[in-house]
Amino acid sequence: MSNTASDLLVETLIEWGVEVVFGLPGDGINGVMEALRTRQDRIRFVQARHEESAAFMACAYAKWTGKLGVCLATTGPGGTHLLTGLYDAKFDRAPVLAITGLPYHDLIQTATQQDIDHTKVFQDVAAYTTAVYGAQHLEQALAIACRTALASRGVAHIALPVDVQEQTLEADKASPRHKVDPNTAYAETAHTPTEQAVARAVEILEAGQRVAILAGQGALGASGELAQTAELLGAPVAKALLGKAVLPDDHPHVTGGVGYLGARPSQQVLDECDTLLIVGSNFPYVEYYPKPGQARTVQIDLDPRRIGLRYPAEAPLVGDAGACLRALNARLTRKADRSFLARAQAWKAEWLQALAAGAQRPGTPMKPQRVVRELDARLAPDAMIVADSGTNTALAAQYLMIREGQTFGVSGTLASMGCGLPYAIAAAIAFPGRQVVAVVGDGGISMTLAELATAARYRLPIKVVVINNGSLGQIKWEQMLFLGHPEFGCDLAPIDFAKVAEGMNVKGLRVEDPEQLPGVLDAAFAHPGPVLVDAVVDSDEPMLPPKRREDYMQHLQKAFEVGTPGQDQIERRLHEEPALTSLKP
């Protein structure tokens, strides 16, 4: 077997436990592709149809598994296409290694074909980025890249000139100081809070009369500890979207999601709490937190740089969520007063009743809520659920009731459209045999539509449900609610996604009548291969946040006065939706 830099690269990835590489071939990475070809029995190459999708897949794979995700792209535009998916990994703290090609080493910076300096382009997205100019250099650079991606829970990047990929180790004479023997040794830091920090946090939490918990993705590995903490404090638990699966939605302490896409009882809890425990969350929308000065706050985060980033933290606990919660639980005394929790549970019951009533409204156009509610009833106990970015995200956040054993994936802080289908593909590859379901919008699916062919190629039995409302619905409502502007530029040209799916060897089903919806979904789940369900829904259905701020209503009225397309239908829907008519400013 040859001993080129490409061979060393792939062998080293295998040693680091990498099982799959997502990418798209190109003449700038032919050496790496050959090394992958000759090791197909030990490492898998998954061909995406666009490099952006490959990066999304690597990011999602890292999120689903906790392992290093790897994506591969050629020189020039191949590398730059990776950026959106890599920013997703950076913002949501997923360990991803990006490998790109470069021109011949002696033609770099000479305006040769595809002569983009990827190391400069990747400087903002990557915690470590370097070009490799010799086979000997690759050994240490790759080890540092893998360690950095895992340690920072972010992106690392290696760029290999096309001729270096073919260079043998013997042909690249090592320098006199090249004595280090790189290896795959890596260990997580034991993150535990100090005794003083724990004591201060306990003091604040026990003094609180109305304690609330905000849980994010950092708490995903500490569900048991979090549930115990909530029970000890009598605290309702609101969940950031990335932490949707941290506790089941039917858990007695869970009030639902937070923010623009969240649940009203969670907002009521945050509006009335006097103490807040933030566990592993970097939820960015500060307007949904308690008012400044309202709540004393304890914050748990692995990264000390994130302490107090969104809301002032009086008692920070830096460390792993599980370790920090265990330390708290050992000292906390169970609160006898459960009145705040009881109020939150009443709010939740009222909210769920309103959601159910809204989803069951008959007639056409079909209500989008009904699609997701019917879907929820068909999810397997171990389902892996994906949402794209847009109106579909809000529907998934509110109507998909996560149960214990299910997982949920989304582009969180980046909130990138087009992520849903690649995320679902990565889930199916990482966990074959599990049910994988994606809820996407017609805007997002359009961006990465070609990946249906990827699902067909690898015979991945994913189920993709398109909420087809003919518009960029979330942007439409943001224009009206946040700015008071009439909707502009958000209508989308119609696409029959079921027909497109059939053209890519994916079973396509289209449904417009709500009475036919159950049968269509049953047929989709009964089919053994990939399926796309094109659900045509009401384009005028409102999308209002749970926090009904008065300025939002004023902006909406202003948009109506200026002249919003479909105004009459929109106003009618506002008065019909139970979850909206029960809202109070």
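Residues numbered from 1 in each chain as written. Predicted model: local features only at pLDDT ≥ 70, side-chain atom pairs only at ≥ 80, totals over all residues. Heavy atoms only, no water.

Caption draft 1: Here's a closer look at the sheet that holds strand β16 (residues 463-468). Ordered by their spatial adjacency, six strands build an open sheet running β14-β13-β15-β16-β18-β17, and the pairing between neighbours is parallel. Pairing within the sheet leaves two strands with one partner each, and these edge strands are β14 (407-409) and β17 (507-511). Strand-to-strand, the axes of this sheet are offset by a mean angle of 15°, without reference to chain direction. In the sheet, strand β15 (residues 436-441) pairs with β16 via five bridges, with the strands oriented parallel. When the bridges of β16 are listed, V437 appears paired with K463. Sheet contacts for helix α14 (residues 368-376): β15, β16 and β18 (531-536); angle to β16, the most-contacted strand, approximately 165°. (Pairing = 2+ DSSP bridges. Helix = DSSP H or I, 4+ residues; strand = E, 2+ residues; numbered from the N terminus. Axes fitted to C-alpha atoms, helices over the stretch in contact; angles between N-to-C directions. Contact = heavy atoms within 4.5 Å.)

Caption draft 2: Inspection of the side chain of D534 at higher detail. Along the polypeptide, D534 turns up in strand β18. Residue classification places D534 among the buried positions, given a relative accessible area of 0%. Within the structure, D534 has its side chain in polar contact with the side chain of N468 (distance 3.0 Å). Look past the residues within four positions of D534 in its chain and what remains in contact with it is V466, N468, I495, D496, F497, A498, L509, R510 and V511. (Buried < 20%, exposed > 50% of the residue type's maximum accessible area, 1.4 Å probe, protein only. Polar contact = N/O pair within 3.5 Å; in protein donor to acceptor, adjacent residues only side chain to side chain.)

Caption draft 3: Just the side chain of N468, in detail. Structurally, N468 is set in strand β16. A polar atom in the side chain of N468 sits 3.5 Å from the backbone nitrogen of G470.

Caption draft 4: Quick look at helix α12 (residues 321-329). Counted residue by residue, α12 has seven buried out of nine residues, so it is predominantly covered. Those residues of α12 that fall on the buried side of the exposure criterion are A321, G322, A323, C324, L325, L328 and N329. Contacts from the buried residues of α12 go to α9 (195-207), α10 (223-233), β10 (275-279), β11 (296-301) and β12 (315-318). Capping of α12 at its N-terminal end is provided by D320; its side-chain oxygen lies 3.0 Å from the backbone amide nitrogen of G322.

Caption draft 5: A look at the sheet that holds strand β6 (residues 155-161). With parallel pairing, the six strands of this open sheet are ordered in space as β2-β1-β3-β4-β6-β5. Each edge of the open sheet carries a strand with a single partner, namely β2 (44-47) and β5 (126-131). Pairs of neighbouring strands in the sheet enclose a mean axial angle of 20°, with direction left out of account. Where strand β1 (residues 20-23) meets β2, four bridges bridge the pair, whose relative direction is parallel. For V21, the partnering residue across the bridge sits in β2 and is F45. Contacts from helix α2 (residues 30-37) reach β1, β2 and β3 (69-73) within the one sheet, and its direction differs from that of β3 by about 130°.

Caption draft 6: Quick look at the nonpolar core. By size, the foremost hydrophobic cluster in this structure holds 56 residues, and its most contacted members are F22, L86, I462 and V464. When residues of this core are assigned to their parent elements, the largest contribution, ten residues, is made by helix α3 (residues 51-65). Each residue touching F22, except ones within four places of it in the same chain, is listed here: F45, V46, A54, M57, A58, Y61, V70, C71, L72 and I429. Core analysis: the second largest hydrophobic core is formed by 36 residues, L9, I43, L68 and L150 among them. (Core = buried A, V, L, I, M, F, W, Y, C linked by side-chain atoms within 4.5 Å.)

Caption draft 7: Focus on the packing of helix α19 (residues 473-483) against helix α22 (residues 550-562). Remark: α19 packs on α22, axes separated minimally by 6 Å, with the N-to-C direction vectors making an angle of 110°. Relative to α22, the element α19 lies roughly perpendicular. Between α19 and α22, the contacting residues are W477, M480, L481, F482 and L483 on the first element and D551, Y552, M553, H555, L556, K558 and A559 on the second. For the contact of α19 with α22, the residue count by class is nine nonpolar, one polar and two charged. (Parallel < 35°, antiparallel > 145°, perpendicular 65-115°, else oblique. Nonpolar A, V, L, I, M, F, W, Y, C, P; charged D, E, K, R; others polar.)

Caption draft 8: Region of interest: unusual backbone geometry. Of the consecutive residues T364 and P365, the connecting peptide bond is found in the cis state with omega at 0°. Assignment of secondary structure puts P365 in the loop between α13 (339-359) and α14. Positive phi is not limited to glycine here, since A415 has a value of about 50°. By secondary structure assignment, the location of A415 is in the loop between β14 and α16 (420-430). Owing to a relative accessible area of 41%, A415 belongs among the partly exposed residues under this scheme. Within the chain, N505 stands out as a residue other than glycine whose phi angle is a positive 65°. With respect to the element layout, N505 can be found in the loop between α20 (497-503) and β17.

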